[in-house]
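# Fold and geometry: a report
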Amino acid sequence: MEVGADRDSRKTYLPSLPLSGKVCSGSNPHCATCLDHRTCQRCQESFLLLESYWGAHCVASCPGNFTEIETNDNGLVCRSSKGCSRIPKCSQCEETFDDICDKCDDGFLLLQRETGAEIQCVASCPAGFVKHGTRCRADMCEDFFCSRCKGGWVLQYKGGTKCLSNCPSGFYTREDVFSGQSYCDMCRANCTSCQDSYNCDVCEDNFFLFNGVFSKCVQHCPVGYLADNSQSSGNVCKIDKHGCLVESCSRCQEGWYRIRIRKTYHCRQECPTGHFGIERAGKPNLCGRCPYNCQECLNHRDCQQCKTGLYKLVRDGTLYCVWHCPQGYLPQVDDKEQKSCVKATGDLLGRL
């Protein structure tokens, strides 16, 4: 007997599923017509259609316990000859997990109401679901797994399995650059409304919107800003313009000090911690920044008090603030918990 004749003798003809007419993409190789990006409905010549819980794809030959069957429109398909007893009306179970149905009996549709829910075979799709080939899919989804949504709907998160009409509070809508699918992504911490992951528009209660390099939510407004609860869009940190003669605060009232914080000018009656006052005849008062890690200073070079937790190191009459004492110095802490680095000389050398 010829090979072709032997193959024809094993074919069984069954009613076919209606074709969607959708041309397949590269995500389903050897597929001629698809229902969605996971589900093929007709394979290219010399390939057979194999259904599973995960979708339907094309294979070169049917696996064990499967029979080659030919349908009028769907071409050659593989059908299980093993059967499935754990799920009523299920004709084919997933090979590894027998509580997952791959395909229901003819006239029944595969239904899973949500991810992780029980898989059933039903005679018709319930409310909120529509027929999708041999399955029921949620009305707002494009496929059985709801990995893609219809136009106007968004996935609850990237790679999610639920479609929403709008993203919930604390999330914003963005688009996957590869699939083009819109999904919900999280805003910055303590933010209820945003347009991207860097900038917040509205903060949660008890937080204030601070517009720095990026807009973020803070519990306390930084130096140079005042908490404003009067905005309809929520609490914000606004620039403290007290003492300013112009809107930009580039000029201050007489006796006030001008200071630049985060690229913005402010006016202060006193210079804040970590700064020192600069007073010049006929010129505006300014606040200069103390040396690195210095809390109080006289000028750019002369530090008087280090920040908490740092060691005082005196070299050539200049005070430095360091985290660790360098080689040749020993750390000491006095009765007032003041840390300092003492030069090791004489009998102290033996302690190094």
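The protein chain is annotated in an unreviewed UniProt entry as Serine-type endopeptidase of Desmophyllum pertusum.

## A look at the overall build of the protein chain
Helices and strands together make up the secondary structure of the protein chain, namely 1 helix and 34 strands. For the protein chain, whose C-alpha radius of gyration is 36 Å, the value lies well above the compact-globule estimate of 20 Å for 352 residues. Buried positions account for 38% of the 352 residues belonging to the protein chain. Sequence separation of 24 or more characterises 26% of the internal contacts of the protein chain that already satisfy a separation of 6 or more. Surface exposure of the protein chain reaches about 21500 Å², of which carbon and sulfur atoms provide 48%. For the protein chain, the centre of its 41 positive side-chain charges and the centre of its 41 negative side-chain charges are spaced 8 Å apart.

## A short note on the nonpolar core
If you look at the biggest cluster of nonpolar residues, it comprises 13 residues, and the most contacted ones within it are Tyr-53, Cys-90, Cys-101, Leu-110, Ile-119 and Cys-121. Residue assignment for this core shows that the elements contributing at least two residues are β9 (90-93) and β10 (101-104). For Cys-101, the contacting residues outside a window of four places in its chain are Tyr-53, Ile-87, Cys-90, Gln-92, Cys-93, Leu-110, Ile-119 and Cys-121. Formed by 12 residues, the second largest nonpolar core is a distinct cluster that contains Leu-109, Phe-129, Ala-138 and Leu-155.

## Brief notes about a nonpolar patch on the surface
Together, Tyr-198, Val-213 and Phe-214 make up a nonpolar patch on the protein surface, roughly 360 Å² of accessible area in all. Inspection of the secondary structure puts Phe-214 in the loop between β21 (208-211) and β22 (215-218).

## A closer look at the packing of aromatic side chains
The full count for this structure, using the stated rule, is 7 aromatic pairs. Here Phe-144 and Phe-145 contribute two aromatic rings whose centre-to-centre distance is 5.1 Å and whose plane-to-plane angle is 80 degrees, an arrangement assigned as edge-to-face. Note on accessibility: Phe-144 and Phe-145 belong to one class, buried. Measuring from ring centre to ring centre gives 4.9 Å for Phe-210 and Tyr-225, while their planes differ by 90 degrees; the resulting arrangement is edge-to-face. Here Tyr-225 lies in strand β23 (residues 225-228) and Phe-210 lies in strand β21, a separation of 15 residues in the sequence. Each member of the aromatic cluster is reached from another via a ring pair, and the members are Tyr-53, Trp-54, Phe-144 and Phe-145.

## Concerning the state of the cysteines
In protein structure, a disulfide is the covalent linkage between the sulfur atoms of two cysteines. Taken as a whole, this structure holds 20 disulfides when the rule is applied. In this model, Cys-31 is linked to Cys-40 through a disulfide, with the two sulfur atoms separated by 1.9 Å. An S-S torsion of about 100 degrees defines the bridge between Cys-31 and Cys-40 as right-handed. You can call Cys-40 buried: its relative accessible area is 2%. Paired by a disulfide, Cys-141 and Cys-146 hold their sulfur atoms 1.7 Å apart. Between Cys-141 and Cys-146, the disulfide has an S-S torsion of -60 degrees and is therefore left-handed.

## Description of the pattern of salt bridges
A side chain of one charge can pair with a side chain of the opposite charge when the charged atoms of the two come close. One pass over the structure, following the stated rule, counts 7 salt bridges. Between Lys-158 and Asp-176 there is a salt bridge, and its shortest N-O distance comes to 3.7 Å. Of this pair, Lys-158 sits in the loop between β15 (154-155) and β16 (163-164) while Asp-176 is found in the loop between β17 (171-175) and β18 (182-186), placing the two residues 18 residues apart along the sequence. Exposure remark for Asp-176: the relative accessible area of 12% places this residue in the buried category. A salt bridge links Asp-185 to Arg-174, with the shortest nitrogen-to-oxygen separation between them at 2.9 Å. Taken together, the positions of Asp-185 in strand β18 and Arg-174 in strand β17 put the pair 11 residues apart, joining distant regions of the chain. Looking at Asp-185, the relative accessible area reads 22%, which means it is partly exposed. Its relative accessible area of 35% is what places Arg-174 among the partly exposed residues.

## Some details on the side chain of Asp-240
Note on placement: Asp-240 falls in the loop between β24 (236-239) and β25 (257-261). On the basis of relative accessibility, which here comes to 10%, the residue Asp-240 falls in the buried class. A polar contact is formed between the side chain of Asp-240 and the backbone nitrogen of His-242, at a distance of 3.1 Å.

## What about the sheet that holds strand β27 (residues 275-278)?
Strand order in the open sheet made by the 4 strands is β26-β25-β28-β27, with mixed pairing throughout. The open sheet is flanked by β26 (264-268) and β27, the only strands paired with a single partner. Mean inter-strand twist for the sheet, computed between neighbouring axes without regard to direction, equals 35 degrees. One ladder, built from 5 bridges, connects β25 with β26; its direction is antiparallel. Paired with Ile-261 across the bridge in β26 is Thr-264.

Cut-offs applied
Position numbers for residues start from 1 in each chain and track the written sequence from start to end. Local features in this predicted model are restricted to residues of pLDDT 70 or higher, and side-chain atom pairs are both shown and tallied only at a pLDDT of 80 or more, whereas totals for entire chains, interfaces and linings draw on every residue. Note: side-chain values were computed over all heavy atoms of the structure, leaving out hydrogens and water. Starting at the N terminus, helices and strands are each numbered in turn, a helix being any DSSP run of H or I of at least four residues and a strand any DSSP run of E of at least two. C-alpha atoms define the radius of gyration, and 2.2 Å times the number of residues to the power 0.38 defines the globule rule. Each residue's exposure class comes from its accessible area (1.4 Å probe, protein chains only) as a fraction of the maximum for that residue type: buried when under 20%, exposed when over 50%, partly exposed otherwise. The criterion used for residue contact is that any of the two residues' heavy atoms lie within 4.5 Å. For every accessible area listed, the method is Shrake-Rupley and the probe measures 1.4 Å; residues are considered covered only by the protein chains on display. Note on charges: Lys and Arg go in the positive column, Asp and Glu in the negative column, and His and the chain ends are not counted at all. In plain terms, the charge of a residue is placed at NZ if it is Lys, CZ if Arg, CG if Asp and CD if Glu. Take the buried Ala, Val, Leu, Ile, Met, Phe, Trp, Tyr and Cys residues and link them wherever side-chain atoms come within 4.5 Å; each set so joined is a nonpolar core. A patch is a set of surface residues, each over 30% in relative accessible area and not in a salt bridge, joined within 9 Å for like charges and within 5 Å for the nonpolar side chains Val, Leu, Ile, Met, Phe, Trp and Tyr. Salt bridge, as used here, is a side-chain nitrogen of Lys or Arg placed within 4 Å of a carboxyl oxygen of Asp or Glu. Any pair of Phe, Tyr and Trp rings, taking the six-membered ring for Trp, is counted once the centres come within 6.5 Å. Such a pair is stacked with planes under 30 degrees apart, edge-to-face with planes over 60 apart, and tilted for the rest. Cysteine sulfur atoms that come within 2.5 Å of each other are treated as a disulfide pair. For the purposes of these results, a polar contact is taken to be a pair of N or O atoms within 3.5 Å, where, inside protein, one atom must be able to donate a hydrogen and its partner to accept one; residues adjacent in sequence count only when each atom of the pair is a side-chain atom. Think of it this way: DSSP has to see at least two bridges between two strands before they count as a pair. Interaxial angle, 0 to 180 degrees, is taken between N-to-C directions of lines fitted to C-alpha atoms, where a helix line uses only the stretch in contact.

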